[in-house]
Amino acid sequence: MPSLQGVFDAPGPVAEAAKRLKNRGFSDLEIYAPAPFPELDDVLDPKPSRVRVYTLGGGLLGVVTGYAMAIWMSNDWPAMIGGKPFAAIPTYTVIGFELTILFGALATLLGLLLVGRLPYGSFGKNDKGYDKRFSSEEFGLVVGCRERDVAEVDALLRAHHAKEVNLVEA
Amino acid sequence: MTPPPALPAALEHPHETSDSKINRDLLSVMDGVSPGYFLLLGTTILVVTAAALTWIYQIYIGLGIAGYTHPVFWGVYIVTFVFWIGIAHAGTLISAILFLFRAKWRNSINRSAEAMTVMAVMTAGMFLGIHVGRIWKAYFILPYPNQRGLWVNFRSPLEWDTFAISTYATTSIVFLFIGLIPDIAIARDRYAGWRKLLYTGLALGWQGTARQWKAHSRSVLHLSGLATPLVLSVHSVVSWDFAMSIVPGWHATIFAPYFVAGAIFSGFAMVLTVMIPVRRVFGLEEYITNYHFENMARLILLTSLIVGYAYVTEYFVAWYSGVEAEQSAFWFRAFGPYWFSTWTMITCNVVFPQLFWFKRLRTHVPTLFVVSTFVNIGMWFERYVIIITSLGREYDPAVWGIYTPTWAELTIFAGSFAFFAMLFLIFMKLLPVVAIYEVKELAIHERAHAAEGAH
């Protein structure tokens, strides 16, 4: 199956070209960008990112772990200090808070890896449609299509200011 | 011996001319090492070695070689620990809080500040080990199951500190690494040899696909949301190490905000002190402009005023409280045998930064460098004043004492600066010291706007 690689200078045209192609029923699309641009975020996958689920889950797990750990350990070796309860909840807020952040941060990293599908590919090998210009300042839109659609995709990419269109896979 | 044949031009410059200017300029920081760099790195390694040997000697002999004397058992080690934890605050402030405020000017300084955060926390963490003396028992502070069935005391601010510092260290490393992934991929595409191998591994197969960027920007956003309260909590918890006790001069409710403002103040000063020479040596004037430095100077001025206000409040509360011990502790600070440290602190932290009211001085690089260096000195003395003078005069005049640092403490203190500098020098040659993709983000935006205007 052939793949066409359009090279662009700005994120706006990439987003528009990708939307047009998607509307015409092309589903094998990939965008490469040198930096994050909000206009490209929702083109291929309009659903909100699931990273937030990981952050929230990690944070909740952290706050429960922090308080539970401190309370359980205080009762496991009960030491009466100043006539206070064994479990001094207000002072354990610091522990609960810090573990909220710790677990939340680690879960966010995990979320990035799982949602972003990292580590990606095999060691040292990039996608066929990838070009090191995309880690410079150019954008790429790679479209997998049937042989007979090549001309149409090529025309559409060029109509959206692609400065070049390459056939990357025959 | 015949000289080696000259390398072809392409090999001399791994970044071809067709590559973008931003990539070439910012990656060039990592290329080659000059004799000056070796000299600097060698000096830092030498000082670190001297400090390490001193520490080993101290482990062997015992804490007696430090200047501890009744009643002062927190000395230069704890002062330096608090100092470095404070320095560590600039990175997260710039990366997380300014990110949430959409302050775009942070983009070219955030990476170096984040790296400084990680390095400063590492430096500070060592001082806890140095201070406890019996380093082989340091793990007692962690809640781990043991044969005696004992658990740590979660009511203790020192225990809170353990959780706060280790969380801060972990979160800063995660933050730094996530920001680095796209930049490592840039380096991966442009280097050969061992660097290619290293960067290929660290880049995790990053290609900047829409899916990857979406997950990446969400992660940065969520981490910023987590790191913002964290950065405020860390120095608050450190301040509670003091404020939760009843030592005159420590037992104050203002301590948490006072310490946080001081930490941001000193952290920003350190970023300026380090980045001014780095910018000069590597010719990064195009990316780190005087506009960035001016904004940093404004924040230094703001936090200087907050810190100055805290100093005044401390003295006012001591006087107004009517508590004799509190009053005499503060009298002792200003006019006792440690008057020098107190007046250095006030001059460096409150008087000199006032120069930043003037735009000419805010944008004058030598002035920025000198004032930020003074701020670093002043903030170290602030912790010296708080810790040493308060402990030296507690309630009972019979146990008052005078503490003087010894050669061992001063060597290890000097070693901490060398350790920090050594880590930063190595970092500069291994990883991009300016966030390349964030600089590009702004550049591409500007280009797109310019193109729209032209149409």
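Up top is the structure.
This structure is a prediction, so every number in the text was calculated from the model and none was measured.

Reading guide: rules and limits
Residues numbered from 1 in each chain as written. Chains lettered and ligands numbered in written order. Predicted model: local features only at pLDDT ≥ 70, side-chain atom pairs only at ≥ 80, totals over all residues. Helix = DSSP H or I, 4+ residues; strand = E, 2+ residues; numbered from the N terminus. Rg over C-alpha atoms; globule rule 2.2 N^0.38 Å. Buried ≥ 20, exposed ≤ 12 C-beta atoms within 10 Å, placed from the backbone. Contact = placed C-beta atoms within 7 Å. Nonpolar A, V, L, I, M, F, W, Y, C, P; charged D, E, K, R; others polar. Expected span 1.5 Å × (residues − 1). Axes fitted to C-alpha atoms, helices over the stretch in contact; angles between N-to-C directions. Parallel < 35°, antiparallel > 145°, perpendicular 65-115°, else oblique. Left-handed = near helix turned anticlockwise from the far one by under 90°. Pairing = 2+ DSSP bridges. Core = buried A, V, L, I, M, F, W, Y, C linked by C-beta atoms within 7 Å.

Engineer: Would you take a moment to explain the overall build of chain B for this structure?
Structural biologist: Counting its secondary structure elements, chain B contains 17 helices and zero strands. For 455 residues, the compact-globule formula gives about 23 Å, and the C-alpha radius of gyration of chain B, at 24 Å, lands near that figure. Dimensions of chain B along its principal axes, counting C-alpha atoms only, are 75 × 50 × 50 Å. In chain B, which comprises 455 residues, the proportion classed as buried is 47%.

Engineer: How should the overall build of chain A be read in this particular structure?
Structural biologist: In terms of regular secondary structure, chain A is built from five helices and four strands. Counting from the amino terminus, chain A carries its helices and strands in the arrangement β-α-β-α-α-α-β-α-β. Against the 2.2 N^0.38 benchmark of 15 Å for 170 residues, chain A shows a C-alpha radius of gyration of 25 Å, more extended than a compact globule. Seen through its principal axes, chain A has C-alpha atoms that stretch 85 × 30 × 30 Å. Counting only residues that meet the buried cut, chain A has 45% of its 170 residues in that class. Pairs at least 24 residues apart make up 81% of the contacts formed inside chain A by residues separated by at least 6 positions.

Engineer: Teacher, can you tell me more about the interface of chain B and chain A here?
Structural biologist: How big an interface is tends to be reported as the loss of accessible area on association of its parts. Each side of the interface is counted separately: chain B has 49 residues, and chain A has 57 residues. Going through the elements one at a time, helix H7 (157-188), helix H9 (210-243) and helix H17 (436-454) of chain B are the ones with two or more residues in the side of chain B that touches chain A. Among the elements that make up the side of chain B that touches chain A, the one with the highest residue count is H9 of chain B (16 residues). Among the residues forming the side of chain B that touches chain A, the class breakdown is 24 nonpolar, 17 polar and eight charged.

Engineer: What should I look at first to understand helix H5 (residues 89-100) of chain B in this one?
Structural biologist: Side chains of residues three or four places apart in an α-helix project in the same direction, reflecting 3.6 residues per turn. All names here are of chain B. Between its first and last C-alpha atoms H5 spans 16 Å; for twelve residues at 1.5 Å apiece the expected length is 16 Å, and the two agree. When H5 is considered as a whole, its buried residues turn out to be His89, Ala90, Gly91, Thr92, Leu93, Ile94, Ser95, Ala96, Leu98 and Phe99. Where H5 is buried, its residues touch helix H4 (76-87), helix H6 (110-132), H7, H9 and helix H10 (255-282).

Engineer: I tried to follow the environment of Tyr57 of chain B on my own but got confused; where do I start?
Structural biologist: Within the secondary structure, Tyr57 of chain B is located in helix H3 (residues 35-61). Look at Tyr57 of chain B and you get partly exposed, because 13 C-beta atoms sit within 10 Å.

Engineer: Is there a simple way to think about unusual backbone geometry in this case?
Structural biologist: With glycine set apart, most residues show a phi of negative sign, and most peptide bonds adopt trans. Between Leu118 of chain A and the following residue, Pro119 of chain A, the backbone shows a cis peptide bond with an omega angle of -10°. You can see Pro119 of chain A is positioned in the loop between helix H4 (89-115) and strand E3 (139-144). With omega at 5°, the peptide bond leading from His70 of chain B into Pro71 of chain B counts as cis. When you line up the elements, Pro71 of chain B lands in the loop between H3 and H4. One non-glycine residue with positive phi stands out, namely His161 of chain A, at about 65°. Within the element layout of this structure, His161 of chain A appears in the loop between helix H5 (150-159) and strand E4 (164-169).

Engineer: When you look at H6 of chain B in this model, what are you seeing that I'm missing?
Structural biologist: Residue and element names in this part refer to chain B. Along its 23 residues, H6 runs 33 Å from first to last C-alpha, staying within 8% of the 33 Å computed at 1.5 Å per residue. Here H6 lies mainly inside the structure; 18 of its 23 residues are buried. One or two steps after H6, the chain reaches Gly133, where phi turns positive at roughly 80°.

Engineer: Got a minute to help me understand the packing of H4 of chain A against H9 of chain B in this structure?
Structural biologist: Where H4 of chain A contacts H9 of chain B, the axes come no closer than 10 Å and their chain directions differ by 160°. In terms of axis orientation, H4 of chain A runs roughly antiparallel to H9 of chain B. With respect to the hand of their crossing, H4 of chain A and H9 of chain B are arranged in left-handed fashion. For the pair H4 of chain A and H9 of chain B, contact is made by Val94, Phe97, Ile101, Gly104, Ala105, Thr108, Gly111, Leu112 and Val115 of chain A and by Ala215, His216, Ser219, His222, Leu223, Leu226, Leu230, Ser233 and Val237 of chain B, respectively. Taken together, the residues that form the contact of H4 of chain A with H9 of chain B break down as eleven nonpolar, seven polar and no charged.

Engineer: Please clarify how the pairing of strand E1 (residues 3-8) of chain A should be interpreted in this entry.
Structural biologist: The side chains of a regular strand alternate between the sheet's two faces. Residues and elements named next belong to chain A. Among the six residues in E1, five count as buried, and that is most of the element. Pairing of E1 with E4, which is carried by five bridges, proceeds in the antiparallel orientation. Note on E4: the bridge partner recorded for Ser3 is Glu169.

Engineer: I would appreciate a short explanation of the nonpolar core in the present structure.
Structural biologist: The nonpolar side chains of a soluble globular protein tend to be buried with one another. Residue and element names in this part refer to chain B. Counting residues in each nonpolar core, the largest one holds 170 residues, and the members touching the most others are Ala90 and Val271. Among the elements that line this core, the one with the most residues is H9, at 15 residues. Among all residues touching Val271, those that are not within four sequence positions of it are Ala90, Ile109, Ser112, Ala113, Met116 and Met296.

Engineer: What exactly am I supposed to notice about the packing of H7 of chain B against H9 of chain B here?
Structural biologist: The description of two helices packed together rests on the angle between their axes and the distance between the axes. All names here are of chain B. Across the interface, H7 lies against H9 with an axial gap of 9 Å and an inter-helix angle of 150°. Taken as axis vectors, H7 and H9 run roughly antiparallel relative to one another. Pair H7 / H9 crosses with left-handed handedness. When H7 is examined against H9, the residues Pro157, Leu158, Trp160, Asp161, Ala164, Ile165, Thr167, Tyr168, Thr171, Val174, Phe175 and Ile178 are found in contact with a partner set consisting of Ser219, Val220, Leu223, Leu226, Ala227, Leu230, Ser233, Val234, Val237, Val238, Trp240 and Asp241. Residue classes in the contact of H7 with H9 are distributed as 18 nonpolar, four polar and two charged.

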